[in-house]
Amino acid sequence: MSQTEQSRIRNFCIVAHIDHGKSTLADRIIEKTGLLTSREMQEQVLDNMELERERGITIKAQTVRTVYQAQDGQEYIFNLIDTPGHVDFNYEVSRALAACDGAILVVDAAQGIEAQTLANVYLALDHDLDVFPVINKIDLPSAQPEWVKNEIEDVIGIEAQDAPLISAKNGIGIEEVLEAIVHKIPAPKGNIDNPLQALIFDSVYDSYKGVIVFCRVMEGRVAKGTKIKMMATGATAEVVEVGYFGAGQFIPCEELSAGMVGYLTASIKNVKDTAVGDTVTDAEHPCEKPLPGYKRVQSMVYCGLYPTDGAKYPDLRDALEKLQLNDASLFYEPETSIALGFGFRCGFLGLLHLEIIQERLEREYNLDLVTTAPGVIYKVYKTNGEVVELTNPSNLPDPSEIDHMEEPIVSAEIMVTTEFIGSIMELCQERRGRYLGMEYVEGTRALLKYELPLNEIIYDFFDALKSRSRGYASFDYDLKDYELAELVKLDILINREEVDALSFIVHKDSAYERGRKMCEKLKDEIPRHLFEIPIQAAVGGKIIARETVKAMRKDVLAKCYGGDITRKKKLLEKQKEGKKRMRQIGNVEIPQKAFMAVLKLDNE
Amino acid sequence: MNKKNSMKLGIYVHIPFCVRKCVYCDFLSAPAGNDMRQAYLEALKKELACEAENYRGYEADTVFFGGGTPSLLEARELTDCLEQLRTHYRIARDAEMTLEVNPKTVTQEKLVQLRAAGINRLSIGLQSAEDEELRLLGRIHTYADFLQTYEWARAAGFDNINIDLISGIPGQTTAAWQETLEKVLRLRPEHISAYSLIVEEGTPLYEHLEEYPKLPDEECDRQMYRETKQLLEEQGYERYEISNYAREGFACRHNRIYWQRGRHHTSDYVGFGLGATSMVGCLRWKNTADMKRYLSLCHAGDIDALKEERETLSERDCMAEFMLLGLRMTCGVSAKEFYDTFRMKVEAVYGDVLKKYEKYGLLARDRDWIYLTDAGIDVSNVVLADFL
């Protein structure tokens, strides 16, 4: 394959708002290019993780190489690089885009442009990609393709009059898309004879081959035996195999050269050595400088993960280790909680990432977990000049040592139909948002711009947004910077003992409300004991809310005769078993689900 | 262990028939026609005969006909049963012979016949002295019906009578409960069982709870319980088990076997009839609860196949049951008896649990005896579960 001419390669991705049909279009492209028989087609080829399919979200970038026999009689190589579809994975998206030369913009013929459409298309334009639109779901009765075309031209400012009108689901207009890929997406550039310069846009861990690095070769070539170096991490290795992406499989080839997209393996043991965005070069003939845009991935959201059964701690550690092999953005370190025992403080790109990891741990590794309230990284400026990056509320220094604290702020764009502007602005207000401005996208829709504290949106902002706009609002955000904030640590005391796993950092003004809700929730979750249990919320030692779990008055079997003994014993055994699954804090047994219930304070 | 020829046995005979099922009842019992009754009694006789050889070395100290409503059997049928028992089992001359009786299922004549046949203790199911409450519970009788039965029983010479009562009936007030107690106390029965109503899953009461008047709340329920104890003690009844009271010398010997079994393994018990449970040595089993199966297996003489849910209790199980059954008795368990039975000190096995609940004031110790305090009885499940 080394002879493939650059002029007949097309490296592209598809950008879209969630649910606008990105994955379905990808499936059709793969199907129509003929390298895959219908039998080989899974429902959606690209989203191959079970979880991804259930949630309809692509988590890891998948890539596929197909061959297209174009109307001009030539064979073209298509490298379709799939991009993650959620704001949590923005950096991964940006690296995947950097590996492309062009992008297909999919817009739903009924929905039109959404916040994520804009975010993604701007991201693509920022990477100098040639973007052409296609209008999907034209078979829907509510489809308004002409209106959508105009909207694309007005809002994004790209030519849309000749956009293919398609239905990916029903296979309408796909041929047109394929031809547009040939004609509208430029062929890659780059010189085979230059020193190797390849962009890593993803990697997966394989227990036989080690890390499989997904890369786009910008300059030069790489083949088996090439000694390579990762320019940011400094890791070096000797290439064992190079190849390209068949449908769901790795197909080895002789070499990868400038313009090509493929993979390489080099007996690398850890995905940390192959950071997304890093540049691979020839260790012996290195290129002058790395490709631009590399960032170290920063976890935005932190929480504690604990096994419900303390004995499963090593299993949890093994599972996290394995997940991290494939997910360099997952951070974890051991921590100990008085309430929950041994566990891990984990860092995630966002709340969705957190949920996905949690679900995978529970589903794929069969672990029962207790999750503590997710939080962000706060910067604590101490009076002695030290700055602490706080990820666990329990580690907050004594208030007397704190000069001030800062919290992360994001700039957010919310696309909403005009009738809901009022209620969405109200929501942003409640979440301490700072209004920056509003643009009318066209007659009926507006783009609201806000700055919001990250800790106000990690819980349930997305849900609230959806419910207050009857599902119409869409949302995108970017970390902006840190700002001074009046933050306090809210502690929960159960039977007068502080439960570290329930502490969290909150803005001074929300402390009372949150504390009250926490107490109410815990009161419902904690079973009655032999004694009365006060549940208190406190800030800096001052009690701000209280509930009481009344003492148990009666728990007695009135009757127990010969015929009942086995049955009654089972009843008592069940009672005892239930107790075992609880966490003991002082004299109080707290069910695991109480720790989880407090995460969902705002759902009522 | 005592000599084999003096090993004691409690015999339970289950009669799974009733006139009509009460709304709170989750016992194995149902109305049945005459044919079914005859078939059952035949089968029961067969079971009694076939099993006899397993209990050669025993002398039965107590016999208990429970149900259901065993008193709805004809006097003839019951005396036949007793006859069969006496033919095949050694029954002590002074054995306690109890029959459960429901008002409106006996006549004076029947009671005289039963007394003559050797029944010397009656347990009468009254439940409440308020007709409205009786109706609500689905009972087939009124308080007046009960009074009639009680008078006939006394006249027939029964001098050991228990009256079953239920507190915590839907809509019941503490005053109404007190009224029931006072009415019953005027009759001076030898024994009173006062249960707090348990709404058991699967019963009509459970399924349609919302259609009934409100159940008394926990506070009220406990108040009734405390009042019961106070009132009955004033009248010379001692509470000897969580729900049982007796005048001196009239504690139910049969039921005590269940609660005090395990002490030196002296008293085993065997249950005959549908769904009856037996405990012999460390073995426990329960007869099939499937009537068709019971009848056909007895008919075929395959008594062994009746025995289901067989379990062999480990030493540890035996210890746990020693504690959790023994603690139902207000006298509690004796540390010495524990040691004599298991050759281990109770403190060595349950030291932590004992200490914990003594600290909470739920268990108390009086020299050799460990017992639940009044507060401990209220929440006894919490305490007892920890012995498992």
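As shown above, the structure is provided for reference.
As the structure is a computational prediction, the values presented were derived from the model and not from experiment. (Residues numbered from 1 in each chain as written. Chains lettered and ligands numbered in written order. Predicted model: local features only at pLDDT ≥ 70, side-chain atom pairs only at ≥ 80, totals over all residues. Heavy atoms only, no water.)

Draft legend 1. Spotlight on the overall build of chain A. Within chain A, the secondary structure is distributed over 14 helices and 33 strands. Every one of the 604 residues in chain A was classed for burial, and the buried ones make up 58%. Sequence separation of 24 or more characterises 69% of the internal contacts of chain A that already satisfy a separation of 6 or more. Entry remark: accessible area of chain A is about 25,600 Å², with carbon and sulfur atoms responsible for 47%. (Helix = DSSP H or I, 4+ residues; strand = E, 2+ residues; numbered from the N terminus. Buried < 20%, exposed > 50% of the residue type's maximum accessible area, 1.4 Å probe, protein only. Contact = heavy atoms within 4.5 Å. Areas by Shrake-Rupley, 256 points an atom, 1.4 Å probe, with all protein chains shown as cover.)

Draft legend 2. View of the interface of chain B and chain A. At the interface, 39 residues of chain B touch 26 residues of chain A. Across the chain B/chain A interface, buried area totals approximately 3,200 Å², and carbon plus sulfur atoms make up 53% of it. Counting across the chain B and chain A interface gives six salt bridges. The shortest N-O distance in the salt bridge between Lys 554 of chain A and Asp 221 of chain B comes to 3.5 Å. On inspection of chain B and its partner chain A, the count reaches 18 residue pairs in polar contact (both at pLDDT 80 or more). Residue assignment for the side of chain B that touches chain A shows that the elements contributing at least two residues are β6 (191-196), α8 (218-234), α9 (253-260), α11 (315-326), α14 (374-378) and α15 (380-385) of chain B. Classifying every residue of the side of chain B that touches chain A gives 18 nonpolar, seven polar and 14 charged. (Buried area = accessible area lost by both parts, 1.4 Å probe. Salt bridge = Lys/Arg side-chain N within 4 Å of Asp/Glu carboxyl O. Polar contact = N/O pair within 3.5 Å; in protein donor to acceptor, adjacent residues only side chain to side chain. Nonpolar A, V, L, I, M, F, W, Y, C, P; charged D, E, K, R; others polar.)

Draft legend 3. Representation of the sheet that holds strand β5 (residues 130-136) of chain A within the structure. All names here are of chain A. Sheet architecture is open: five strands sit in the order β2-β3-β1-β4-β5, paired in mixed fashion. Edge strands, defined here as strands with exactly one partner in the open sheet, are β2 (63-69) and β5. For this sheet, the mean inter-axis angle between neighbouring strands, taken without regard to orientation, is 30°. Note that strand β4 (residues 102-108) and β5 share seven bridges and pair parallel. From the neighbouring strand, Leu 105 faces β5, where its bridge partner is Pro 133. Here helix α1 (residues 22-32) sits on the sheet and contacts β1 (9-16), β2, β3 (75-81), β4 and β5; the angle it forms with β1, its principal contact strand, is near 155°. Contacting β1, β2, β3, β4 and β5, helix α6 (residues 174-184) crosses the sheet at an angle of about 170° to β5. (Pairing = 2+ DSSP bridges. Axes fitted to C-alpha atoms, helices over the stretch in contact; angles between N-to-C directions.)

Draft legend 4. Quick look at the side chain of Ser 167 of chain B. Residues and elements named next belong to chain B. Relative to the helices and strands, Ser 167 is located in strand β5 (residues 161-167). With relative accessibility at 5%, the residue Ser 167 sits in the buried group. Ignoring any residue separated from it by four or fewer positions in sequence, one finds Ser 167 in contact with Gln 172, Trp 177, Tyr 195, Ser 196, Leu 197 and Met 224.

Draft legend 5. Main features of the pairing of β5 of chain A. Here β5 of chain A lies mainly inside the structure; six of its seven residues are buried. Read as a crossover between parallel neighbours, the route from β4 of chain A over helix α4 (residues 115-126) of chain A to β5 of chain A is right-handed. (Right-handed = clockwise from strand over helix to strand, strands pointing away.)

Draft legend 6. Focus on the pattern of salt bridges. The full count for this structure, using the stated rule, is 64 salt bridges over all chains. Between Lys 382 of chain A and Glu 401 of chain A there is a salt bridge, and its shortest N-O distance comes to 3.6 Å. Note that Lys 382 of chain A is positioned in strand β21 (residues 378-382) and Glu 401 of chain A in the loop between β22 (387-390) and β23 (402-417), a separation of 19 residues in sequence. Between Arg 253 of chain B and Asp 61 of chain B there is a salt bridge, and its shortest N-O distance comes to 3.2 Å.

Draft legend 7. Expanded view of the sheet that holds strand β15 (residues 279-282) of chain A. Residue and element names in this part refer to chain A. Taken together, eight strands build an open sheet; the order of strands is β10-β9-β15-β6-β7-β14-β11-β12 and the sheet is antiparallel. The sheet is open, and its two edges are formed by β10 (236-238) and β12 (250-253), each paired on a single side. Here the average twist between neighbouring strands, direction ignored, is 40°. Inspection of the sheet shows strand β9 (residues 227-230) paired to β10 by three bridges, in the antiparallel sense. Its bridge partner being in β10, Ile 228 is matched across the sheet by Ala 237.

Draft legend 8. Geometry of the packing of aromatic side chains. In this structure the tally under the stated criterion is 34 aromatic pairs over all chains. Centroid distance Phe 12 of chain A to Phe 78 of chain A: 5.6 Å. Interplanar angle 90°. Geometry classified as edge-to-face. A residue pair is termed long-range when its members are at least 10 positions apart, and Phe 12 of chain A in strand β1 and Phe 78 of chain A in strand β3 qualify at 66 residues. The same class applies to Phe 12 of chain A as to Phe 78 of chain A, namely buried. With a centroid separation of 5.8 Å and an interplanar angle of 35°, the aromatic rings of Phe 146 of chain B and Tyr 150 of chain B are classed as tilted. Taken together, the residues Phe 146 of chain B and Tyr 150 of chain B, both in helix α5 (residues 143-155) and four residues apart, mark about one turn of the helix. There is no split in this pair, since Phe 146 of chain B and Tyr 150 of chain B are both buried. Three or more aromatic residues joined by ring pairs form one cluster here, namely Phe 201, Phe 214, Phe 245, Phe 250 and Tyr 263 of chain A. Here the basic side chain of Lys 183 of chain B rests over the ring of Tyr 143 of chain B, its NZ or CZ set 5.0 Å away from the ring centre. (Phe/Tyr/Trp six-rings, centres within 6.5 Å; stacked < 30°, edge-to-face > 60°. Lys NZ or Arg CZ within 6 Å of the ring centre and 35° of its normal.)

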